[in-house]
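# A look at the structure
The chain contents come next:
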Amino acid sequence: MKKPDIPLNEEHRLKTLRSLNILDTASEERFDRLTRMAKRLFNVPIATISLVDEDRQWFKSCIGLTVKETPRDISFCGHAILDDEVFIISDTLQDERFVDNPLVTYEPYIRFYAGCPLRFTDGSRVGTLCIMDTKARNLSNDNIETLKDLASTAEIELAAVKLATLDELTKIHNRRGFMMLSQHSLNLCMRQEIPATLVYIDINNFKQINDTFGHAEGDKVLRTFASLISTASRESDIFARMGGDEFVILFTNTTANAAKNNIIRLQLSLDKQNANNKYDITFSYGIVVFDPNKHKTTKALLEDGDSQMYQHKNM
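The paragraphs below set out a description of the structure included in this document. Being a predicted model, the structure only gives us computed values, none of them experimental.

What counts as what
Residues numbered from 1 in each chain as written. Predicted model: local features only at pLDDT ≥ 70, side-chain atom pairs only at ≥ 80, totals over all residues. Heavy atoms only, no water. 1 Å grid on protein atoms, 1.4 Å probe; cavity = no way out; pocket = protein on both sides within 12 Å on 5 of 7 lines; lining within 4 Å. Points joined across faces, edges and corners; volume = space filled by probe spheres on them. Helix = DSSP H or I, 4+ residues; strand = E, 2+ residues; numbered from the N terminus. Pairing = 2+ DSSP bridges. Axes fitted to C-alpha atoms, helices over the stretch in contact; angles between N-to-C directions. Contact = heavy atoms within 4.5 Å.

We now examine the layout of surface pockets. There is about 360 Å³ of room inside the largest pocket. Lining the largest pocket are 16 residues; nearest its centre among them are Glu29, Arg30, His173, Ser230 and Phe239. Those elements that provide at least two residues to the lining of the largest pocket are α2 (29-42) and β8 (238-243). No other element matches the three residues that α2 contributes to the lining of the largest pocket.

With that settled, the discussion passes to the sheet that holds strand β5 (residues 112-119). Ordered by their spatial adjacency, six strands build an open sheet running β3-β2-β1-β6-β5-β4, and the pairing between neighbours is antiparallel. The sheet is open, and its two borders are formed by β3 (69-71) and β4 (87-89), each paired with just one other strand. When the angles between neighbouring strand axes are averaged without regard to direction, this sheet yields 25°. Summarising the sheet, strand β1 (residues 46-52) and strand β2 (residues 56-63) pair through six bridges and their orientation is antiparallel. If you follow Ile49 over to β2, its bridge partner there is Ser61. Each of β1, β2 and β6 (125-133) touches α2; the most contacted strand, β2, lies at about 75° to it. Against the sheet, helix α5 (residues 141-158) touches β1, β4, β5 and β6, its axis set at about 40° to β5.

Structural data, given as structure tokens:
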């Protein structure tokens, strides 16, 4: 068995990792969503987001393993962070570096590993998004690009606090966060040839609620609406507060009709909430199907959604 080498920038890398204040923190949906997607997309039993510190690899998110960390000396991810490219072991039993590794000879009996390094904004490779299987296999070029897209999203999530991509009031993504995350999802949809649909939402009469009941009540409306959107969205969807009383949801692998049904369910949930309010929270929305030939950028898709929303509002 070959122990992973130590990166040349190890001191700086560890300093960057510690600055994230993420080691030994609780699980978070934004990372669990990515490992679930990886497991489903690649049909593997194990998917993790691993962070590598001095003497261990620690799993911020993990599917298929019962442990939260393993020693760095026997880790695959310790090797993966040594380079910017995806690190792939098609068959561990045919690789002298891993054939006698305890993770291969004992539970979880790893035969295949692919890990994409996770880089922070300063270029430090702090961990990996990886997939593993108990049988040997290969990845196509398209598969590798898909893994890179998922890893890029994980990198954005790692940097979310420092890059100010979360809305402070509602705790969901803000405009900047949406713009960064959505493009990776759209790239994934194009590569996998699956549909995507954007819904642009505006809360009706929000100013009137503020003026009548006060800004604290208005803030409560925004938090409530964000919470309902979060509950109504799936692991692969991206949602955000774009500013003021405007929200957006990017539904992946979803047709316009399916997206509309989701919005109807959102309104039904809101109707239940309204029964306990002094006022009704309602909204207008615009639905746009992602067209790679028309929507060259996320901005173009948003502009179409905004236009559709105002048409709906004025009906």
